[in-house]
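Report on the structure
Below, each chain spelled out in residue letters.
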Amino acid sequence: MKYGIRFNRNERGDEMSTLQQKYDYLKQILSGMKRVVVAFSGGVDSTLLLKVALDTLGPANVLAVTTDSETYPSRELEDAKRIAQELGAPHKVVYTSELSIPGYVENTENRCYFCKKNLFEELLPHINDSVEGYNHLLFGLIADDMSEHRPGVKAAREYGVRGPLQEADLFKPEIRELSRELGLSNWNKPSFACLSSRIAYGETITLQKLSKVDQAEDYLLSLGFRQVRVRTHNNIARIEVEQSEMTRLIELGNEISNQLRKIGYEFVTMDLSGYKSGSMNRVLERGGSHELV
């Protein structure tokens, strides 16, 4: 597979690399790992990582593991199972409960640290098992993540977990392009984050709140919206969709508002800025209150 595509100068200020060079470097990183466990969510990033690991090391040396919990919608789990089967990857589902993790339900700005710490603790036994004999635990960290609020990176460093996509300096548009060229069925799948990321910092995370978010987003997806977030601020639903879909959201406003009230929200609003990954982190960037103002 050869590319003639060039991307912008990377964050370290190095000379521009072709996508082919980054792809070759990713394979080089993986080839030295022998046998790996991939934390596999079924998203674009972890799917590319799993695909290249399988191609480089062979299925006998790769295990994809997906954790199923209260914060992971059933639609995402089924997608992960389907994609792993498409790739011919050995796949295991591990059941966990994030709501039982100490420090998680309090929903501080370091919530993702506790989540990733628990994830890695669940998966590391596969590395330490002399029978299975895996050498490395990998997750779908990408270059974009290094400029965002990502407490999970701290947990990865503490446990020696590797992020080969980030090490190869691959950014999201490049990951999608590589995924498309490799024929991955989810190359253009909308970004997804756990349901807890919809609940404003400082609000206690409960199963009821997670269920409300899941039901609301399922409903909006059933209407054909592509990229959806239902951010929750106490009894307020703040809906984010892509700019191109905002007019339709307004047109369906009464219907959507009525349905989300049935689900349990008191007030239903639309974010005029549109969808933005990690938008809850705005309060951290300005150092302000966690309350909606």
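This structure is a prediction, so every number in the text was calculated from the model and none was measured. (Residues numbered from 1 in each chain as written. Predicted model: local features only at pLDDT ≥ 70, side-chain atom pairs only at ≥ 80, totals over all residues. Heavy atoms only, no water.)

Residue placement: K51 occurs in helix α2 (residues 44–57). Non-local contacts of K51, meaning those with residues more than four positions away in its chain, are made with L87, L182 and L184. (Helix = DSSP H or I, 4+ residues; strand = E, 2+ residues; numbered from the N terminus. Contact = heavy atoms within 4.5 Å.)

Considering soluble globular proteins, one finds that nonpolar side chains tend to be buried as a cluster. Among the nonpolar cores identified, the biggest contains 34 residues, and L30, V36, L48, L50, V62, L165 and L170 are the most heavily contacted of them. Mapped by element, the contributors of at least two residues to this core are α1 (19–31), β1 (36–39), α2, β2 (62–68), α3 (74–87) and α7 (172–181). The biggest single contributor to this core is α2, with eight residues. Filtering out sequence-adjacent residues up to four positions away, L165 remains in contact with L26, D45, L48, L49, L141, I142, L170 and I175. (Core = buried A, V, L, I, M, F, W, Y, C linked by side-chain atoms within 4.5 Å. Buried < 20%, exposed > 50% of the residue type's maximum accessible area, 1.4 Å probe, protein only.)

Taken together, the four strands give an open sheet; going across it, the order is β3-β2-β1-β4, and neighbouring strands pair in parallel fashion. Each edge of the open sheet carries a strand with a single partner, namely β3 (91–95) and β4 (136–138). Ignoring which end each strand starts from, the neighbouring axes of this sheet average 25 degrees apart. Here β1 runs beside β2; their pairing, made up of four bridges, is parallel. Bridge pairing in β2 places A39 opposite V65. (Pairing = 2+ DSSP bridges. Axes fitted to C-alpha atoms, helices over the stretch in contact; angles between N-to-C directions.)

Of note, G42 is situated in the loop between β1 and α2. Exposure remark for G42: the relative accessible area of 0% places this residue in the buried category. Along the chain, G42 and D79 lie 37 residues apart, while their C-alpha atoms are 6.2 Å from each other.

As a further point, take the UniProt feature "active site" (unreviewed entry) in the protein chain. When the UniProt feature table is mapped onto this chain numbering, "active site" (unreviewed entry) sits at C194. On the secondary structure map, C194 appears in the loop between α7 and α8 (207–222). If sequence neighbours within four positions are ignored, C194 has contacts with T71 and Y104. (UniProt positions renumbered as here; feature names shortened; annotations may be inferred.)

Applying the stated criterion to the full structure yields 24 salt bridges. Where E78 meets K81, a salt bridge forms, and the shortest distance between an N and an O atom there is 3.6 Å. Placement of the pair is E78 and K81 together in helix α3, with a separation of three residues, close to one helical turn. According to the relative accessible area criterion, E78 is partly exposed, its value standing at 46%. Note that K189 and D79 form a salt bridge whose closest N and O atoms lie 2.9 Å from each other. In this pair, K189 sits in the loop between α7 and α8 while D79 sits in helix α3, placing the two residues 110 residues apart along the sequence. No difference in accessibility class separates K189 from D79, as the two residues are buried. Because the salt bridges share partners, they merge into one network encompassing R75, R198, D214, E217 and D218. (Salt bridge = Lys/Arg side-chain N within 4 Å of Asp/Glu carboxyl O.)

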